[in-house]
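As a plain string of letters, each chain reads:
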Amino acid sequence: MITKGNFLLLETHEFRGWLQKQKITRAITKLQVHHTASPNYTTRKMKNGIAQQDVFACLEGMRNYHINTQKWSATGQNITIMEDGRIAISLDRDLNKTPAGIAGANTGALCVEIIGNFDRGGDTMTAAQRQAVAHVYACLADKLNIPINTAHIVYHAWYTAQGSRLPDYTPGRSSKTCPGTNFWGDGNTVAAANKGFIPAIKQELERLRKGAHNADKAKVYVNDEKIEDGFILEGRVYVPLRAVGEALGAKANWDNITKTATLTK
Ligand SMILES: [Zn+2]
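Worth saying up front: this structure is predicted, and the values here are computed from it rather than measured.

A word on the domain arrangement of the protein. Taken domain by domain, the protein consists of domain 1 (2-212) and domain 2 (215-264). Relative to domain 2, the C-alpha centre of domain 1 lies at a distance of 28 Å. With nine residues of domain 1 at the contact, the number on the domain 2 side is eight residues. Our count for the domain 1 to domain 2 interface comes out at zero salt bridges. Taken together, the connections running from domain 1 to domain 2 amount to zero residue pairs in polar contact (both at pLDDT 80 or more). Sorting the residues of the side of domain 1 that touches domain 2 by element identifies helix H3 (127-144) and helix H4 (190-213) as the ones contributing at least two each. Examining the composition of the side of domain 1 that touches domain 2, we find that three residues originate from one element, H4, more than from any other. A class-by-class count of the residues in the side of domain 1 that touches domain 2 yields three nonpolar, two polar and four charged.

Next comes the structure, spelled out in structure tokens:
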């Protein structure tokens, strides 16, 4: 864990513990997915999978561009994931500050930038970065109680330049191809997200929950209908209230400030 200039740099394994200690004071319901396009693996001067450019030079370079060229007040993104799996937190755009990620659609969102150009013909994500990306989104979804689906984990490409949500990536209408036409090896459409990226986040969260509690999984049924798996901890079965609510036709709500869960019909 190193703080230098305007960034806090964490190893992948340090992120979850750091995140758990953060006090979130704004409502966050969406996690944006971006690639930086530039900087990318070429500008990072990758040699045998190791970037030769200093990591803080890269981060400060982005910040300078955002402030001096884009005329933003601070670094656009809240979080940056490096090609080696390290995770940088923008100190001038901490988690409680609304990001400058998708023009017109930043309220209630958190902006994560993944270093690289993942358009077709661009960079191939390293295994370390891939693991860190799944890990960061799983930890954020867990901490912020954000469902892991394409309504809440959103690609920049699903928005117009004005910030209207499109049903899918639509060349000509989407503001950008971001996070890349070959993101995750699948692309930037909703179907591509549901194919590889969304399941990878779910799998990582399942791994974390199992690891954290060393818990066994429990099958859970509501009115004979199987819902999301729960886990067994100290003789009790824990299952997301949202999953139970949905199965009963009720709505689950989570207030992250007062730490209160409600189920209403
Ligand atoms: Zn983007």
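Another aspect to go through is unusual backbone geometry. Pro-39 follows Ser-38 through a cis peptide bond whose omega is 0 degrees. Within the element layout of this structure, Pro-39 appears in the loop between strand E3 (30-35) and strand E4 (46-47). Omega for the bond connecting Cys-178 with Pro-179 falls within 30 degrees of zero, at 10 degrees, which places this linkage in the cis form. Position of Pro-179 relative to the elements: it lies in the loop between strand E9 (153-155) and H4. A positive phi angle, close to 55 degrees, is found at Lys-45, a residue other than glycine.

The protein atoms donating to the zinc ion are His-34 (ND1), His-156 (ND1) and Cys-178 (SG), with metal-donor distances spanning 2.1 to 2.3 Å. For the zinc ion, all donor residues lie on one chain, and their spacing in sequence is H-x121-H-x21-C. Highlighted residues: His-34 in strand E3 and Cys-178 in the loop between E9 and H4, separated in sequence by 144 residues.

Below, the discussion takes up the side chain of Asn-188. The topology assignment puts Asn-188 in the loop between E9 and H4. A residue is classified by how much of its surface remains accessible, and Asn-188, at 3% relative accessible area, is buried. Within polar-contact distance, the side chain of Asn-188 engages the backbone oxygen of Thr-177 at 2.8 Å. Those residues in contact with Asn-188 that lie beyond four places of it in its chain are Tyr-155, Ala-157, Trp-158, Tyr-169, Thr-177, Pro-179, Gly-180 and Thr-181.

This part is about the layout of surface pockets. Quantified by volume, the largest pocket comes out at close to 1,600 Å³. Ala-141, Asn-145, Arg-209, Pro-240 and Arg-242 are, among the 48 residues lining the largest pocket, the residues nearest its centre. Counting only elements with at least two residues in the lining of the largest pocket, the list comes to helix H1 (12-20), H3, H4, strand E10 (216-218), strand E13 (230-233), helix H5 (241-247) and strand E15 (251-255). Broken down by element, the residue count for the lining of the largest pocket peaks at seven residues, all from H4. Inspection of the lining of the largest pocket shows a minimum of three residues originating in each of domain 1 (2-212) and domain 2 (215-264). The space that makes up the second largest pocket amounts to roughly 530 Å³. What lines the second largest pocket is a set of 26 residues, among which Gln-70, Trp-72, Glu-113, His-156 and Lys-176 lie closest to the centre. Elements with a minimum of two residues in the lining of the second largest pocket: E3 and helix H2 (55-69). Ranked by residue count, the leading element in the lining of the second largest pocket is H2, at three residues. Along the lines of polarity and charge, the residues of the lining of the second largest pocket split into ten nonpolar, 14 polar and two charged.

On to the pattern of salt bridges, then. The full count for this structure, using the stated rule, is ten salt bridges. A salt bridge links Glu-204 to Arg-207; the shortest N-O distance between them is 2.9 Å. Placement of both Glu-204 and Arg-207 in helix H4 is noted, with a separation of three residues, approximately one turn of the helix. What emerges from the salt-bridge pattern is a single network uniting Arg-16, Asp-142 and Arg-209.

About the criteria used
Residues numbered from 1 in each chain as written. Predicted model: local features only at pLDDT ≥ 70, side-chain atom pairs only at ≥ 80, totals over all residues. Heavy atoms only, no water. Domains from an automatic or database assignment. Contact = heavy atoms within 4.5 Å. Salt bridge = Lys/Arg side-chain N within 4 Å of Asp/Glu carboxyl O. Polar contact = N/O pair within 3.5 Å; in protein donor to acceptor, adjacent residues only side chain to side chain. Helix = DSSP H or I, 4+ residues; strand = E, 2+ residues; numbered from the N terminus. Nonpolar A, V, L, I, M, F, W, Y, C, P; charged D, E, K, R; others polar. Donors = N, O, S within 2.8 Å, 3.2 Å for Na, K, Ca; no water. Buried < 20%, exposed > 50% of the residue type's maximum accessible area, 1.4 Å probe, protein only. 1 Å grid on protein atoms, 1.4 Å probe; cavity = no way out; pocket = protein on both sides within 12 Å on 5 of 7 lines; lining within 4 Å. Points joined across faces, edges and corners; volume = space filled by probe spheres on them.

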